[in-house]
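A look at the structure
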Amino acid sequence: MFIDRVRIHAKAGKGGNGCASFRREKFIPKGGPDGGDGGDGGSVILQASVHETQLASLFYKPILRADNGAPGSSRQKHGKSALDLILPVPVGTLIYRIPPPQASRSLEEEVSDSSHKKEDTREACSSVVPVESVKLSVIKREKGGSDCEHNSLQEILDGVGAGGMKILETSAEAGSKSMEPRSKLNQPNPEDLVADLAAPGEEYVLCLKGHGGRGNIHFKSSRNRAPRRFTEGTEGEEGWFLLELRTIAFAGLVGYPNAGKSTLLRALSAAHPKVASYAFTTRYPQVGVVDLGDYIQTTIADIPGLIEGASHNRGLGHAFLRHIMRCPFLLFVLDMAGSEGREPWSDLHILRREVELYDARLAARPWCVIANKMDAPLASENLLEFQKKEPSLKVIPICAELGEGVEEIKKFLKEQLTLMQNTHAITEVSLS
Ligand SMILES: Nc1nc2c(ncn2[C@@H]2O[C@H](COP(=O)(O)OP(=O)(O)O)[C@@H](O)[C@H]2O)c(=O)[nH]1
Ligand SMILES: [Mg+2]
């Protein structure tokens, strides 16, 4: 199970209380105040790490608690400060601050109320409204709330637990039931974005620690030489967050299942995605590092295949398009032999439309066509026909299985990489 979205609750540690005590020793009368300060609590910090590839560890432990600071004690002893809780997350993790789930529970109640009301009025009114459409109308009506509420409400509607795991619908019927693409409803509100851990080692303090209180030693004065006053430690911050992983790579492979994307990634890099002749062999994104020569390296992301109707939740691919949202360049891999009975030009048309429906910004990125399976019969004929139909497109014919044409892809990627680095297009995409 690949987990790329989790909802977590984090709470930083409370500061320890200051101490009110007085020095008591033999032969030292009126020893004066000697209460020490409390220690600080621990902060909750997320750190981008290249050793993490998904958010699974947080999915299984979604409640993050840093330790509290110890209280101060007599003889001016300072309480021990707690260590910060530092958790590694994959590079490319977006952090959204979301409202507490009470808000979504009240929404849920509203949903059930409204559906009950509908049921009550069914006898009186002849037009029966399906419960699904009532729920969706509640989502749309809730203008004040953020999309994250929509997200959690959607999860409730889908029967997803508090872990906030994304559910993927693979059946066409389930997809066609929903009125809007689920991935659109599941999108967190961009305004709630608080951090983007895009570089290895980058840190974000989710919840800041509480500070320790002051002991009574700080409150002595010439007028009050035996103060009983001390301060309590402050509470640590707490909050609900949604973490979403967006894989970072230079080029993203887009194509139908079985077009040969994973075979191509294997040929280009040392990555070993699973290859087999059945749809959806690839079930989660994988990134390979490609050596372009002259000490230049780049990365390519392979995601599950897209099929027609992906924007209406058919297949797996659409939900994974967000993993190539940060790819400045797209490679559309086509089965030029049409080995599954489809035509490569209609494949391209459908893929482009699905990407456009997902996000117009993604569709606007520079792209080219990789014509795969050139070793198979009909591929050469189809390629001629394809080039006749799409004369302006850059097409690179390859046979991924035999590694033919791979060098040309590398050469082309190197040109594009240099061009985009010079025009700062890569930085723009990664910040978008
Ligand atoms: N004939 C031929 N078959 C290929 C080629 N590349 C991939 N395949 C086959 O196509 C099937 C699907 O490949 P895969 O890489 O898993 O496709 P993906 O679903 O797009 O990742 C596998 O059986 C591969 O052996 C190629 O260049 N020529
Ligand atoms: Mg694959």
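Conventions adopted
- Residues numbered from 1 in each chain as written.
- Chains lettered and ligands numbered in written order.
- Predicted model: local features only at pLDDT ≥ 70, side-chain atom pairs only at ≥ 80, totals over all residues.
- Helix = DSSP H or I, 4+ residues; strand = E, 2+ residues; numbered from the N terminus.
- Contact = placed C-beta atoms within 7 Å.
- Pairing = 2+ DSSP bridges.
- Axes fitted to C-alpha atoms, helices over the stretch in contact; angles between N-to-C directions.
- Core = buried A, V, L, I, M, F, W, Y, C linked by C-beta atoms within 7 Å.
- Buried ≥ 20, exposed ≤ 12 C-beta atoms within 10 Å, placed from the backbone.
- Near = placed C-beta within 6 Å.
- Nonpolar A, V, L, I, M, F, W, Y, C, P; charged D, E, K, R; others polar.
- Expected span 1.5 Å × (residues − 1).
- Arc of directions from axis to C-beta.
- pLDDT = per-residue confidence, 0-100.

Some details on the overall build of the protein
Check the secondary structure of the protein and you find 12 helices and 14 strands. Nonlocal contacts in the protein, meaning residues at least 24 apart in sequence, comprise 75% of its contacts between residues at least 6 apart.

Concerning the sheet that holds strand β6 (residues 193-197)
Taking strand neighbours across the sheet as the criterion, the five strands line up as β3-β1-β8-β5-β6 in an open arrangement whose pairing is mixed. The open sheet has two edge strands with one neighbour each: β3 (63-65) and β6. Ignoring which end each strand starts from, the neighbouring axes of this sheet average 25° apart. Note that strand β5 (residues 93-98) and β6 share four bridges and pair antiparallel. Considered in β6, the bridge of threonine 93 is made with leucine 197.

Points about the nonpolar core
Among the nonpolar cores identified, the biggest contains 50 residues, and Ala251, Leu253, Ile300, Leu330, Phe332, Leu334 and Ile370 are the most heavily contacted of them. If we ignore the near neighbours within four places in the chain, the residues touching isoleucine 370 are Leu264, Leu331, Phe332, Val333, Leu334, Ile396, Ile398 and Ile409.

Overview of the site of ligand 1
In the neighbourhood of ligand 1, 21 residues make up the surrounding shell, with Gly260, Lys261, Ser262, Thr263 and Ser277 lying closest. Examining the composition of the shell around ligand 1, we find that three residues originate from one element, helix α7 (residues 261-268), more than from any other. When the residues that make up the shell around ligand 1 are grouped by side-chain class, the tally is seven nonpolar, 10 polar and four charged.

So, helix α11 (residues 406-422)
Helix length check: α11 (17 residues) gives 24 Å between terminal C-alpha atoms against 24 Å at 1.5 Å per residue, within 8%. When α11 is considered as a whole, its buried residues turn out to be Ile409, Leu413, Gln416 and Leu417. Viewed along the axis of α11, the buried residues span an arc of 105°, placing them on a single side of the element. Residues of α11 that are exposed and point over 90 degrees away from its buried face: Glu407, Glu415, Thr418, Leu419 and Asn422.

Concerning the environment of lysine 394
As for its placement among the helices and strands, lysine 394 is situated in the loop between α10 (379-389) and β14 (395-397). Here lysine 394 falls in the exposed class, since 12 other C-beta atoms lie within 10 Å of it. For the pair formed by lysine 394 and tryptophan 367, sequence separation is 27 residues and the distance between their alpha carbons is 8.3 Å. Discounting residues that sit within four places of it in the chain, lysine 394 has contacts with Cys368 and Val369.

Concerning helix α8 (residues 344-358)
For α8, built from 15 residues, the straight-helix expectation of 21 Å at 1.5 Å per residue is met to within 8% by its first-to-last C-alpha distance of 21 Å. Where α8 is concerned, the buried positions are Pro344, Asp347, Leu348, Leu351, Glu354, Val355 and Tyr358. For α8, the angular spread of buried residues about the axis comes to 130°, placing them on one side. Buried-residue contacts for α8 involve β9 (251-255), β12 (329-335), α9 (360-363), β13 (367-372) and α10.

Some remarks on unusual backbone geometry
If you check the backbone angles, arginine 75 has positive phi at about 60° while not being a glycine. Among the structural elements, arginine 75 can be located in the loop between β3 and β4 (85-90). One non-glycine residue, tyrosine 295, lies in the positive phi region at around 60°. Considering the arrangement of structural elements, one finds tyrosine 295 in the loop between β10 (286-293) and β11 (296-302).

Regarding the sheet that holds β4
Ordered by their spatial adjacency, three strands build an open sheet running β4-β2-β7, and the pairing between neighbours is mixed. Either end of the sheet is taken by a strand with one partner, and the two such strands are β4 and β7 (203-207). Taken over all neighbouring pairs, the strand axes of this sheet differ in orientation by 30° on average, direction set aside. The sheet contact formed by strand β2 (residues 44-49) and β7 spans four bridges and is antiparallel. Paired with glutamine 47 across the two strands is glutamate 203, which belongs to β7.

Details of the environment of leucine 245
Inspection of the secondary structure puts leucine 245 in strand β8 (residues 238-245). With 24 C-beta atoms packed within 10 Å, leucine 245 lands in the buried category. For the pair leucine 245 and valine 91, spaced 154 residues apart in the sequence, the C-alpha separation amounts to 8.0 Å. Every residue in contact with leucine 245, bar those within four places of it in the chain, is listed here: Asp4, Gln54, Leu55, Pro90, Gly92 and Thr93.

As for the pairing of β2
By the bridge criterion, six bridges tie β2 to β4 in an arrangement that is parallel. Counterpart to serine 49 in the pairing with β4 is proline 90.

With respect to the pairing of strand β1 (residues 5-11)
Taken across its seven residues, β1 has six buried, putting it largely inside the fold. Sheet analysis places β1 next to β8, joined by seven bridges and oriented antiparallel. Pairing of arginine 7 across the sheet is with leucine 242, part of β8. In the sheet, β1 pairs with β3 via three bridges, with the strands oriented parallel. Paired with lysine 11 across the bridge in β3 is arginine 65.

So, the environment of valine 395
Positionally, valine 395 belongs in strand β14. Spatially, the C-alpha atoms of valine 395 and alanine 371 are 6.6 Å apart, while their sequence positions differ by 24 residues. With sequence-adjacent residues up to four places away left out, valine 395 is seen in contact with Val369, Ala371, Phe386 and Gln387.

A short note on the confidence of the model for the protein
Overall, the prediction assigns the protein a mean pLDDT of 80, with 77% of residues at 70 or greater. Within the protein, the lowest mean pLDDT, 34, falls on helix α3 (residues 131-141), and the highest, 97, falls on β7. Across residues 113-185, where pLDDT falls below 50, the model places 96 contacts with residues more than four positions away in sequence or in other chains.

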